[in-house]
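Chain by chain, the residues:
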Amino acid sequence: MPELPDVLIYVERLAAFVGGHVLERVRLASPFVVRSFDPPIRELEGKTVHGVERIGKRIVLAFSEDLFLVCHLMVSGRLRWRPHGQAIAKKVGLAAFDFDSGTLLFTEASTKKRASLHVVRGRAALEPFDRGGIEPLVASVAELQSAIQRENRTLKRALTDPRILSGVGNAYSDEVLFAARLSPVKLTSRLEPEELSRLHQALVSTLTSFIERTRAEVGEGFPETVTAFREDMAVHGRYGKPCPECGTKIQRIRHADNEVNYCPR
């Protein structure tokens, strides 16, 4: 699932590509991707994009007349920028948004079809999409401590809970914990002040580093290879491979659809 670094770059590039432009037409290949009905999605046609924002892992396009399009990519959803009028791919295509500057395609390479679109009117209608987690790049050590210690849970669960931390998921939580030298199964109630400080520092530095790397890779273009498994990651997706620091084999813990990757040392 695209997380904060990837979603933030999507937001930046969407602002560059569609900000100030008019949405001419909406084409739906899968009507079920639209999870709201009032206002109808067709009401966005003819409206201008005034801004692009992030709410957790959601992308929000703000249109004229106080209309908002909320896009949740979930695990396999992706956005593609293509020439005006590009056809929607038959197997993975969900929708196309034809702007006067080009076409934004919304795809999902999964049969589960979890990705979604909502259209709402008024900024107050965006509040239900905010799960309440703190913003990791601006939160203080004290705010992080208060958020993750409200309930006693493992660090892995705490970092991936959108009610606690906004925009961090399975992939980057592994990288943050590796950088902080903290076990994913350590309980939040047992964190020492020095460990909290390390966690806060690792959270900011890891996310910032991947944001800068992704921004440099995309440049003036549009994200094409958004993935949770990057070659430059230290532990995530590297089960059985040597730890880049000590050479110990990376281990994993699987639970349902989630997986924890970590160095046992």
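Scroll up to find the structure.
Now for a description of the structure that goes with this document. Since we're looking at a predicted model, the values are computed, not measured.

**A few points about the layout of surface pockets**
In this structure, the largest pocket spans a volume of roughly 1300 Å³. Around the largest pocket, the lining is made up of 49 residues, and of these M1, K57, G169, N170 and N258 lie nearest the centre. At the level of secondary structure, the elements contributing two or more residues to the lining of the largest pocket comprise α3 (155-159), α4 (170-180), β9 (251-255) and β10 (258-262). Element by element, the count of residues in the lining of the largest pocket is highest for β10, at four residues. Here the lining of the largest pocket is composed, by residue class, of 15 nonpolar, 18 polar and 16 charged. Roughly 260 Å³ of internal volume is contained in the second largest pocket.

**Quick notes on unusual backbone geometry**
Here D38 and P39 are connected by a cis peptide whose omega angle stands at 5°. Examined against the element boundaries, P39 turns out to sit in the loop between β1 (23-28) and β2 (49-55). Of note, E65 is a non-glycine position whose phi angle comes to about 65°, a positive value. One can find E65 in the loop between β3 (58-63) and β4 (67-72). Unlike most non-glycine residues, D66 shows phi in positive territory, near 65°. Within the secondary structure, D66 sits in the loop between β3 and β4.

**Looking at the sheet that holds strand β6 (residues 93-99)**
Taken together, the four strands give an open sheet; going across it, the order is β1-β6-β7-β5, and neighbouring strands pair in antiparallel fashion. The strands lining the two open edges of the sheet, one partner per strand, are β1 and β5 (77-82). For this sheet the average axis-to-axis angle between neighbouring strands, irrespective of direction, equals 15°. As defined by bridge partners, β1 adjoins β6 across five bridges and the pair is classed as antiparallel.

What counts, and at which threshold
- Each chain has its residues counted from 1, running along the sequence as written.
- The predicted nature of this model means local features are confined to residues of pLDDT at least 70 and side-chain atom pairs, given and counted, to a pLDDT of 80 or more, with totals for whole chains, interfaces and linings taken over all residues.
- Excluding hydrogens and water, the side-chain values take into account all heavy atoms of the structure.
- A 1.4 Å probe that fits but cannot get out identifies a cavity on a 1 Å grid over protein atoms alone, an open set with protein on both sides within 12 Å along at least five of seven lines counts as a pocket, and a residue lines either if it has an atom within 4 Å of a point.
- Grid points are joined across faces, edges and corners, and a volume is the space filled by probe spheres set on the points.
- Helix and strand definitions follow DSSP, with helices as H or I runs of at least four residues and strands as E runs of at least two, each counted in order from the N terminus.
- Put simply, Ala, Val, Leu, Ile, Met, Phe, Trp, Tyr, Cys and Pro go in the nonpolar bin, Asp, Glu, Lys and Arg in the charged bin, and everything else, Gly too, in the polar bin.
- Two strands are counted as paired when DSSP detects at least two bridges linking them.
- Lines fitted to C-alpha atoms define the axes here, with helix axes fitted over just the stretch in contact, and angles between the N-to-C directions of these axes take values from 0 to 180 degrees.

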